[in-house]
Amino acid sequence: MKNKIAMIGIIVEDLSYAEIVNDIFHEHAPLILGRMGIPYKERGISIITLIIEGTEDEISNLTYKLNKIPQITVKSIMPKKN
């Protein structure tokens, strides 16, 4: 299966789940090309963007694991031509 590039946007609404999110990132580290995290202290949230490269199954697996965490919002996008 051919690798695709994707961007995953993540909003962590409860910072007590940050360690779980980071564990999932570590588990999928070979896929991650770049990561940007912005703590928004005034609102008590963190906003994270991942740029990843992997198969559709790998991207879906990572997104699925993140979506299972309470108080986490996850959206992923892939270019039309990859």
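These lines cover the structure that appears in this document, whether it is placed above or below. (Residues numbered from 1 in each chain as written. Predicted model: local features only at pLDDT ≥ 70, side-chain atom pairs only at ≥ 80, totals over all residues. Heavy atoms only, no water.)

### Some thoughts on the environment of E13
For step 1, the next point in the chain: Locating E13 in the fold gives a position in the loop between β1 (4-12) and α1 (18-27).
For step 2, the next point in the chain: Residue E13 is classed as partly exposed on the basis of its relative accessible area of 40%.
For step 3, the next point in the chain: Beyond its immediate sequence surroundings of up to four residues, E13 is in contact with G44, I45, Q71 and T73.
For step 4, the next point in the chain: Side chain to side chain, E13 and T73 meet in a polar contact 3.0 Å long. (Helix = DSSP H or I, 4+ residues; strand = E, 2+ residues; numbered from the N terminus. Buried < 20%, exposed > 50% of the residue type's maximum accessible area, 1.4 Å probe, protein only. Contact = heavy atoms within 4.5 Å. Polar contact = N/O pair within 3.5 Å; in protein donor to acceptor, adjacent residues only side chain to side chain.)

### Observations concerning a nonpolar patch on the surface
For step 1, the next point in the chain: On the surface, a cluster of nonpolar side chains totalling about 410 Å² of accessible area is made up of I5, M7, L33, I51 and I77.
For step 2, the next point in the chain: By the secondary structure assignment, I77 is in strand β4 (residues 72-77). (Patch = residues over 30% accessible without salt bridge, like charges linked within 9 Å, V, L, I, M, F, W, Y side chains within 5 Å. Areas by Shrake-Rupley, 256 points an atom, 1.4 Å probe, with all protein chains shown as cover. Salt bridge = Lys/Arg side-chain N within 4 Å of Asp/Glu carboxyl O.)

### Description of the nonpolar core
For step 1, the next point in the chain: Ranked by internal contacts, the top residues of the largest apolar core, which has 17 residues, are I8, I10, V21, L50, I52 and L66.
For step 2, the next point in the chain: Elements with a contribution of two residues or more to this core: β1, α1, β3 (45-54), α2 (56-67) and β4.
For step 3, the next point in the chain: Apart from the residues within four sequence positions on either side, I52 is in contact with K4, I5, A6, I8, L31, I32, L33, I59 and L62. (Core = buried A, V, L, I, M, F, W, Y, C linked by side-chain atoms within 4.5 Å.)

### Regarding α2
For step 1, the next point in the chain: Taking 1.5 Å of rise per residue, the 12 residues of α2 would be expected to cover 16 Å, and the 16 Å separating its terminal C-alpha atoms lies within 8% of that figure.
For step 2, the next point in the chain: All of the buried residues along α2 are I59, L62, T63 and L66. On an axial view of α2, the arc spanned by its buried residues comes to 95°, and they lie on one face. Projecting away from the buried face of α2 at angles above 90 degrees are the exposed residues D57 and Y64.
For step 3, the next point in the chain: Where the residues of α2 are buried, they touch β1, α1, β3 and β4. (Expected span 1.5 Å × (residues − 1). Arc of directions from axis to C-beta.)

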